[in-house]
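Given next are the chains, with one letter for each unit.
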Amino acid sequence: MTLDASVVELQASSTKKKTAVSRSWILLDHGGQGTVLDADKYAIMRLVHIHARDLRILDPLLSYPSTILGRDKVIVLNLEHIKAIITADEVLLRDPTDDDVVPIVEELRRRLPKVSGEEEVCAQDGEGGEENEFPFEIRALEVLLEAICSFLDARTRELETAAYPALDELTSKISSRNLDRVRKLKCAMTRLTNRVQKIRDELENLLDDDDDMADLYLSRKLAVSSSPTSSSDAPYWLYGSPNAGSKIIKSSRASETAVQRENDIEELEMLLEANFMQIDGTLNKLATLREYIDDTEDYINIQLDNHRNQLIQLELFISAGTVCISLYSLVAAIFGMNIPYSWKAPGHEYAFKWVVIFGGMVCGSLFISIVTYARRKGLVGS
């Protein structure tokens, strides 16, 4: 299906189904030329021959995890804000007017077309150069993976720029404002860590399965299916010939194909490993930031425990003083009773003065004894 025919079909489909919710897509070809499409999911399904279950992964209204799927004719990518469908000669990218998607579109337009120098080198090298050249879908996949890794790394750097000063300020001054600020930063870090972890897990699962990596080579599968020497179009004598030479030729071709496939997978594996190392480095940055936050929380808890211990010590002093004052007030209560005592008689006024002095000395000695005992037992600081 050519590009013009696809555009006409998409426009006709969108005209017939005005009630359906239209979505904005951009279609990029080999030359990096883009065409903005306003089409519903049924038109997209007919254009790229994709199943509805795979297209639902790209629905922004549904919450699907980050996914890289290799199908017979397409590669489906759902990586955060990057929702794309890659074929052997086209790239469909959703919401091209989004602020985060616009740089990706420009990068695809710049890197999808082959450089003339590279074409000359491939022409001089012959078949060997063509084997080492990444096909269109792998180049598009490389751009999209680099974009999402760079995007998450940039978000991580922004978070680090805001988090480290906030944590240092919190350690110097514990206040409700600083605590609330750090709480928000920690929540943002947790969400970002989960996003980065999903991308990392998807790349790791893809690297662990050679068949999944082989499914990403759409051009090779398309060439094999359309080759006149494929098994479906092979002559009858190729299967029934008892000639041993034909068996040797077939086995040698199969071994060459296996070696070429292994080399192709190795090239794609190196590409995925580079992005995996970048996203793993981003995850390590977030892990370091989490450790710094945990250390800050431990330091704050130690400070709060220290303040709590100081309050307990103050409470001990106040309680000891209250006991001593209560005993001293007992003397005043005794003398304030309306009971005739001999020392109330004239000539014994000095007794009250000595009782008050003696009671004060006893209460003071009792307070000093309590504090000394507490310090000796380590209950209060020295």
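Residues numbered from 1 in each chain as written. Predicted model: local features only at pLDDT ≥ 70, side-chain atom pairs only at ≥ 80, totals over all residues. Heavy atoms only, no water.

The protein chain is annotated in an unreviewed UniProt entry as Magnesium transporter from Flemingia macrophylla. In UniProt, the protein chain has this text filed under Function (unreviewed entry): "Magnesium transporter that may mediate the influx of magnesium." The protein chain has a UniProt comment under Subcellular location (unreviewed entry) that states "Membrane". (UniProt positions renumbered as here; feature names shortened; annotations may be inferred.)

K.L.:
Explain the sheet that holds strand β4 (residues 75–79) here, please?
P.N.:
The strands that make up a sheet are held in pairs by hydrogen bonds between backbone atoms, and each pair lies either parallel or antiparallel. Ordered by their spatial adjacency, 6 strands build an open sheet running β2-β1-β6-β5-β4-β3, and the pairing between neighbours is antiparallel. Among the strands making up the open sheet, the edge pair consists of β2 (34–39) and β3 (67–70). Within this sheet the neighbouring strands show an average axis-to-axis angle of 15°, counted without direction. Judged from the 3 bridges that link them, strand β5 (residues 82–86) and strand β6 (residues 91–94) form a sheet pairing that is antiparallel. Following the sheet pairing, I86 is matched in β6 by V91. (Pairing = 2+ DSSP bridges. Helix = DSSP H or I, 4+ residues; strand = E, 2+ residues; numbered from the N terminus. Axes fitted to C-alpha atoms, helices over the stretch in contact; angles between N-to-C directions.)

K.L.:
Which parts of the structure should I look at to understand the packing of helix α7 (residues 136–172) against helix α8 (residues 176–208)?
P.N.:
For any two helices packed against each other, one specifies the crossing angle of their axes together with the interaxial distance. Two elements in contact, α7 and α8, have axes whose closest approach is 10 Å; the angle formed by their N-to-C orientations is 155°. By the angle between their directions, the pair α7 and α8 is classed as roughly antiparallel. Note on packing geometry: the crossing formed by α7 with α8 is left-handed. Looking at side-chain class alone, the contact of α7 with α8 contains 19 nonpolar, 2 polar and 5 charged residues. (Parallel < 35°, antiparallel > 145°, perpendicular 65-115°, else oblique. Left-handed = near helix turned anticlockwise from the far one by under 90°. Nonpolar A, V, L, I, M, F, W, Y, C, P; charged D, E, K, R; others polar.)

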